[in-house]
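Residue-level structure breakdown
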Amino acid sequence: MTAVLTRRSEQRLSEPAPGDEEFIYLLNGAAAAPDHGRLRPWRWILLRGADREPLAARLAQEAAQEATAEEREQIARKALRAPLKALLVFSPVTGPKVPEWEQLAATSSMAYGLMLLLHVRGYGSIWRTGRLCESTAAAELLGLRPGERLLGSLDIGTPDRSSGPPVRRERDDVADRVSCFTA
Ligand SMILES: Cc1cc2nc3c(=O)[nH]c(=O)nc-3n(C[C@H](O)[C@H](O)[C@H](O)COP(=O)(O)O)c2cc1C
C-alpha cells in the first residue's frame, strides 16, 4: 500500500536513471504481470543521452506545417526531458485466440508494475503519450514493424526530492464504483 500510495507521475527527472542491466532486472519482475497466453505482446526501446536527439529532431521537423519555430523547439525540448526514455511498443500477436484488447490490458499491467518497481527502487517515472504516439516519422526512425504501435514513452530518472520524501496520497473513496449483484 505504501508503494502504491506514494508513487506519483514525476514531471522533473534527472540523472541517475537505471542502466540497461538494472532496467532489464526490473522488467523481468514487471513481466510477471498477468498476461493471457503469456504472449508478451510488447517490447521496449531505450534512448539515452545524445541518442534521444534524432527522435527530438524528427518530432519537431514533423510539426513544421502547424508549429512555429518556438513551438518546434519546445517539442524537441520535451523529448529530451528525462535521462532515460523507455519507449513502449505494443506488438500484438495475431493468430492465438487472445483478443487484441486483452493483449493491451496485459501490456498496461506490465507497464504499471514497472513504474511501481522503479518507484520502490528510488527512481521516478511518467508515462507520456501525445504526438509521439501518432508520429509516422518516429515510427519509421525507431523501426516499428507492421502491426506495431507506439504506446508512448516511460520517461525515467531520479525525481527531485529537495522538498522532502514522497508524500503518501489521500486514498480516494471509490466505493461508488462497486456494486454487489444480488439474485
Ligand atoms: C496511458 C497514459 C498516458 C499518459 N500520458 C501522459 C502525457 O502525455 N503527459 C503527461 O503529463 N502525463 C501523462 N500520463 C500521466 C497521467 O497524467 C498521470 O498518471 C495522472 O496525472 C495522475 O498522476 P499520478 O500518476 O501522479 O497519480 C499518462 C498516463 C497514462 C496511464
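Residues numbered from 1 in each chain as written. Predicted model: local features only at pLDDT ≥ 70, side-chain atom pairs only at ≥ 80, totals over all residues. Heavy atoms only, no water.

1. Considering the site of the ligand
Cut-off, in case you're wondering: What makes a residue near a molecule or strand is one non-hydrogen atom of that residue sitting within 4 Å of it. The term polar contact refers here to a pair of N or O atoms within 3.5 Å; inside protein, the definition further demands a hydrogen-donor-capable atom paired with an acceptor-capable atom, and it admits residues adjacent in sequence only when both atoms are side-chain atoms. With residues, only the protein chains shown are counted as cover, and all accessible areas are computed by Shrake-Rupley using a 1.4 Å probe. For this classification, Asp, Glu, Lys and Arg are treated as charged, while Ala, Val, Leu, Ile, Met, Phe, Trp, Tyr, Cys and Pro are nonpolar and the rest, including Gly, are polar.
Residues in contact with the ligand, as listed here, are Arg7, Arg8, Ser9, Gln11, Ile126, Trp127, Arg128, Thr129, Gly130 and Arg169. Within the backbone of Trp127, an N or O atom sits 2.9 Å from a nitrogen atom of the ligand. Take Arg169: an N or O atom from its side chain is 2.8 Å from an oxygen atom of the ligand. Calculation on the ligand without its partners gives an accessible area of 620 Å², and the protein chains cover 53% of this total. Taken together, the residues of the shell around the ligand sort by class into two nonpolar, four polar and four charged.

2. Some thoughts on the packing of helix H2 (residues 20-30) against helix H5 (residues 100-120)
Helix-helix packing: each pair is described by the crossing angle between the helix axes and the interaxial distance. The following threshold applies: Working convention: axes come from line fits to C-alpha atoms, limited for helices to the stretch in contact. Angles between N-to-C directions cover 0 to 180 degrees. Helix and strand assignments come from DSSP, with helices taken as H or I runs of at least 4 residues and strands as E runs of at least 2, each series counted from the N terminus. In these notes the angle categories are as follows: under 35 degrees is roughly parallel, over 145 is roughly antiparallel, 65 to 115 is roughly perpendicular, and the rest is oblique. The hand of a helix crossing depends on one turn: near helix anticlockwise from the far one by less than a right angle means left-handed, and clockwise means right-handed. We call two residues in contact whenever any of their non-hydrogen atoms come within 4.5 Å of each other.
Running from N to C, H2 and H5 point in directions that differ by 130°, and their axes come no closer than 8 Å. As far as their axial angle goes, H5 and H2 are oblique. H2 and H5 meet at a crossing whose hand is right-handed. Across the interface between the two elements, Phe23, Leu26, Leu27, Gly29 and Ala30 of H2 pack against Met110, Gly113, Leu114, Leu117 and Leu118 of H5. Along the lines of polarity and charge, the residues of the contact of H2 with H5 split into eight nonpolar, two polar and no charged.

3. Remarks on the pattern of salt bridges
Operational definition: Here a salt bridge means any side-chain nitrogen of Lys or Arg lying within 4 Å of a carboxyl oxygen belonging to Asp or Glu. Type-normalised accessible area, obtained with a 1.4 Å probe on protein chains alone, sets the label of each residue: buried when under 20%, exposed when over 50%, and partly exposed for intermediate values.
Counted by the stated rule, this structure contains nine salt bridges. Arg161 is the partner of Glu10 in a salt bridge, and the nearest nitrogen-oxygen pair spans 3.3 Å. Taken together, the residues span a long stretch of sequence, with Glu10 in the loop between helix H1 (2-6) and strand S1 (13-14) and Arg161 in the segment after strand S5 (149-159) at a distance of 151 residues. Arg161 gets classed as partly exposed once you look at its relative accessible area, which sits at 32%. Between Arg43 and Glu148 there is a salt bridge whose closest N-O contact spans 2.8 Å. Placement of Arg43 in strand S2 (residues 42-48) and of Glu148 in the loop between helix H7 (136-142) and S5 is noted, with a sequence separation of 105 residues between them.

4. What to know about the side chain of Asp155
Within the secondary structure layout, Asp155 lies in strand S5. A polar contact of 2.9 Å, which involves the side chain of Asp155, links it to the side chain of Lys85. Residues contacting Asp155, with those up to four places away along its chain left out, are Leu13, Ala82, Leu84, Lys85, Gly124, Ser125, Ile126 and Arg128.

5. Remarks on the packing of aromatic side chains
Applicable threshold: Ring pairs are drawn from Phe, Tyr and Trp, using the six-membered ring of Trp, whenever the two centres fall within 6.5 Å, and their geometry is named by plane angle: stacked under 30 degrees, edge-to-face over 60, tilted for the rest.
This structure, assessed with the given rule, holds one aromatic pair. Look at Phe23 and Trp44: their rings are 5.7 Å apart centre to centre, the planes differ by 80°, and that puts the pair in the edge-to-face class. One end of the pair, Phe23, is in helix H2; the other, Trp44, is in strand S2, with 21 residues separating them in the sequence. Judged by relative accessible area, Trp44 falls into the buried class, the value being 14%.

6. What about a negative patch on the surface?
This is how the line gets drawn: Here, patches come from residues exposed beyond 30% relative accessible area and free of salt bridges, joined within 9 Å for like charges and within 5 Å for nonpolar side chains (Val, Leu, Ile, Met, Phe, Trp, Tyr). In this tally Asp and Glu are treated as negative and Lys and Arg as positive; neither His nor the chain ends contributes. The location of each charge is read from NZ of Lys, CZ of Arg, CG of Asp or CD of Glu.
Negative charge collects at one region of the surface, where Glu170, Asp172, Asp173 and Asp176 lie side by side. Mapped onto the fold, Asp176 is located in the segment after S5. The exposure class assigned to Asp176 is exposed, which follows from its relative accessible area of 65%.

Read these as spatial facts, not as claims about activity.
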